[in-house]
Amino acid sequence: QVQLVESGGGLVQAGGPLRLSCAVSGRTSRTYFMGWFRQAPGKERDLVAASSRSGSDVYYVDSVKGRFTISRDNAKDTMYLQMNRLKPEDTAVYYCAARRFWSTKYYSVDEYAYWGQGTQVTVSS
């Protein structure tokens with residue numbers, strides 16, 4: 001199995017930065033493709049960013065392009081989400097997720113077999 005543990009969430013003022021981490025343990029060979037999702041109260045869980053193991057395939061939702069950066073440190077089995085210029089609308093619970101292979105539906109929650117417990121990010125105005 002695969003275990004994912006997020007950390008780094010918290011309260012930050014608008015315009016500030018925050019870095020999330022997702023530590024991977026277990027059968028890491030099953031985490032070729034990983035993503036960050038977020039879910040605000042009363043809304044669906046949506047993809048924020050996703051990356052292949054090598055970083056050669058990276059995707060961002062339009063609303064975070066130029067502000068967020070996804071990266072992976074394979075030596076540490078850790079994925080990161082560097083979030084800059086945060087906005088109140090970025091407030092949500094952030095989840096990391098993993099799947100074994102790349103998928104054309106990488107944006108869909110249904111495509112990911114492994115999930116972390118989530119970490120709260122709150123951006124105050």
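Refer to the structure presented above.
Residues numbered from 1 in each chain as written. Predicted model: local features only at pLDDT ≥ 70, side-chain atom pairs only at ≥ 80, totals over all residues. Heavy atoms only, no water.

Colleague: Could you give me a rundown of the pairing of strand β4 (residues 33-39), with the residues and numbers involved?
Modeller: Of all seven residues in β4, six are buried, a share of seventy percent or more. Here β4 pairs with strand β5 (residues 46-52) via six bridges, running antiparallel. Its bridge partner lying in β5, glycine 35 is registered against alanine 50. Hairpin remark: β4 followed by β5, antiparallel, with six residues in the connecting loop; positive phi at glycine 42, about 80°. With seven bridges joining them, β4 and strand β9 (residues 92-99) adopt antiparallel strand pairing. (Buried < 20%, exposed > 50% of the residue type's maximum accessible area, 1.4 Å probe, protein only. Helix = DSSP H or I, 4+ residues; strand = E, 2+ residues; numbered from the N terminus. Pairing = 2+ DSSP bridges.)

Colleague: So what's going on with the state of the cysteines? Residues and values would help.
Modeller: Under the defined criterion, the tally for this structure stands at one disulfide. Across the disulfide from cysteine 22 sits cysteine 96; the S-S distance is 2.1 Å. The sign of the 55° torsion about the S-S bond sets the cysteine 22-cysteine 96 disulfide as right-handed. Of this pair, cysteine 22 sits in strand β3 (residues 18-26) while cysteine 96 sits in strand β9, placing them 74 residues apart in sequence. Assessed through its relative accessible area of 0%, cysteine 22 is described here as buried. (Disulfide = S-S within 2.5 Å.)

Colleague: Describe the environment of arginine 45, with residues and values.
Modeller: By secondary structure assignment, the location of arginine 45 is in the loop between β4 and β5. On the basis of relative accessibility, which here comes to 26%, the residue arginine 45 falls in the partly exposed class. Once the C-alpha coordinates of arginine 45 and aspartate 110 are considered, the two residues, 65 residues apart in sequence, prove to be 11 Å apart. There is a polar contact of 3.3 Å between the side chain of arginine 45 and the side chain of glutamine 39. Separated by 3.4 Å, the side chains of arginine 45 and tyrosine 95 make a polar contact. (Polar contact = N/O pair within 3.5 Å; in protein donor to acceptor, adjacent residues only side chain to side chain.)

Colleague: Outline the sheet that holds strand β1 (residues 2-7), supporting the account with residue identities and numerical values.
Modeller: Spatially, β1-β3-β8-β7 is the arrangement adopted by the four strands of the open sheet, whose pairing is antiparallel. This sheet does not close on itself; its edge strands, each paired only once, are β1 and β7 (68-73). If you compare each strand with its neighbour and ignore which way they point, the axes differ by 15° on average. (Axes fitted to C-alpha atoms, helices over the stretch in contact; angles between N-to-C directions.)

Colleague: A description of the side chain of serine 103 should follow, citing residues and the corresponding values.
Modeller: In this fold, serine 103 is placed in the loop between β9 and β10 (114-115). For serine 103, a relative accessible area of 7% gives the class buried.

Colleague: Before we move on, can you summarise the pattern of salt bridges with the specific residues and values?
Modeller: Scanning the entire structure with this criterion turns up four salt bridges. Note that arginine 67 and aspartate 90 form a salt bridge whose closest N and O atoms lie 2.8 Å from each other. Separated by 23 residues along the polypeptide, arginine 67 in the loop between β6 (58-60) and β7 and aspartate 90 in the loop between β8 (78-83) and β9 bring together distant segments of the chain. Residue arginine 99 is joined to glutamate 111 by a salt bridge in which the shortest nitrogen-to-oxygen separation is 3.5 Å. Within this pair, whereas arginine 99 is found in strand β9, its partner glutamate 111 is found in the loop between β9 and β10, the two being separated by twelve residues in sequence. (Salt bridge = Lys/Arg side-chain N within 4 Å of Asp/Glu carboxyl O.)

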